[in-house]
Amino acid sequence: GWCPLSPTGAQTTQLLVEPPWRPAVLWDRVTLTCQGSGTAGATTWYKDGQRWGQQGRDSFTVTESGNYMCDRPSSGLSPTVTVLDDWLVLQVPALALVEGDTMTLRCRG
């Protein structure tokens, strides 16, 4: 027999970035939105690995650089999103890409 890694149709928690570029930069007024299953408003936020003060909110505008994750009760922990406060940054679209895709890069300062 075999054991699947996750149940069929299981949702995972996603952390959406607006504007949709990675790495995100603080001076873009970045909004993070946590999407996953479970009760709306039951989001737990983490910044740099520690529980962080935006508890219960599904979306907020970032005011500090750092590494952000969110947790939803039924779908778990999101991937990490890094928000930088650098003067110069090379950005790629925050999209799923596969080999051979054309991608636009942005150099911003």
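Here the structure is a predicted model, which means the values were calculated and not measured. (Residues numbered from 1 in each chain as written. Predicted model: local features only at pLDDT ≥ 70, side-chain atom pairs only at ≥ 80, totals over all residues. Heavy atoms only, no water.)

A few points about the overall build of the protein chain
And then number 1: Regarding its fold elements, the protein chain presents zero helices and twelve strands.
And then number 2: Counting from the amino terminus, the protein chain carries its helices and strands in the arrangement β-β-β-β-β-β-β-β-β-β-β-β.
And then number 3: Across the 109 residues in the protein chain, those meeting the buried criterion constitute 30%.
And then number 4: Across the protein chain, contacts joining residues at least 24 apart in sequence account for 50% of those joining residues at least 6 apart.
And then number 5: When the accessible surface of the protein chain is split by element, carbon and sulfur atoms take 53% of a total near 7,000 Å². (Helix = DSSP H or I, 4+ residues; strand = E, 2+ residues; numbered from the N terminus. Buried < 20%, exposed > 50% of the residue type's maximum accessible area, 1.4 Å probe, protein only. Contact = heavy atoms within 4.5 Å. Areas by Shrake-Rupley, 256 points an atom, 1.4 Å probe, with all protein chains shown as cover.)

Remarks on the packing of aromatic side chains
And then number 1: Evaluated as defined, the whole model comprises four aromatic pairs.
And then number 2: Here tryptophan 45 and phenylalanine 60 contribute two aromatic rings whose centre-to-centre distance is 4.8 Å and whose plane-to-plane angle is 85 degrees, an arrangement assigned as edge-to-face. Here tryptophan 45 is found in strand S5 (residues 44-47), whereas its partner phenylalanine 60 is found in strand S7 (residues 59-61), with 15 residues between them in sequence.
And then number 3: We classify phenylalanine 60 as buried; its relative accessible area is 3%.
And then number 4: Aromatic side chains tryptophan 52 and phenylalanine 60 sit 5.2 Å apart centroid to centroid with 45 degrees between the ring planes, which places their arrangement in the tilted category. (Phe/Tyr/Trp six-rings, centres within 6.5 Å; stacked < 30°, edge-to-face > 60°.)

What to know about the sheet that holds strand S12 (residues 106-108)
And then number 1: In space, the three strands of this open sheet follow the order S2-S11-S12, with antiparallel pairing throughout. The open sheet has two free edges, formed respectively by strand S2 (21-22) and S12, since each of these has just one partner strand.
And then number 2: Relative to S12, strand S11 (residues 89-93) runs antiparallel, the two sharing three bridges. Within S12, the residue paired with leucine 90 across the bridge is cysteine 107. (Pairing = 2+ DSSP bridges.)

Brief notes about the sheet that holds strand S1 (residues 14-18)
And then number 1: Taking strand neighbours across the sheet as the criterion, the three strands line up as S1-S4-S7 in an open arrangement whose pairing is antiparallel. Across the chains shown, the open sheet's two edge strands, defined by having one partner strand only, are S1 and S7. Across the sheet, the mean angle separating the axes of adjacent strands is 20 degrees when strand polarity is ignored.
And then number 2: Direction of pairing for strand S4 (residues 31-35) relative to S7: antiparallel, over a ladder of three bridges. (Axes fitted to C-alpha atoms, helices over the stretch in contact; angles between N-to-C directions.)

Here's the deal with the side chain of serine 78
And then number 1: Within the element layout of this structure, serine 78 appears in the loop between strand S9 (76-77) and strand S10 (81-84).
And then number 2: Overall, the relative accessible area of 5% leaves serine 78 in the buried class.
And then number 3: In this structure serine 78 touches Thr13, Gln14, Leu15, Met69 and Cys70, once residues within four positions along its chain are discounted.

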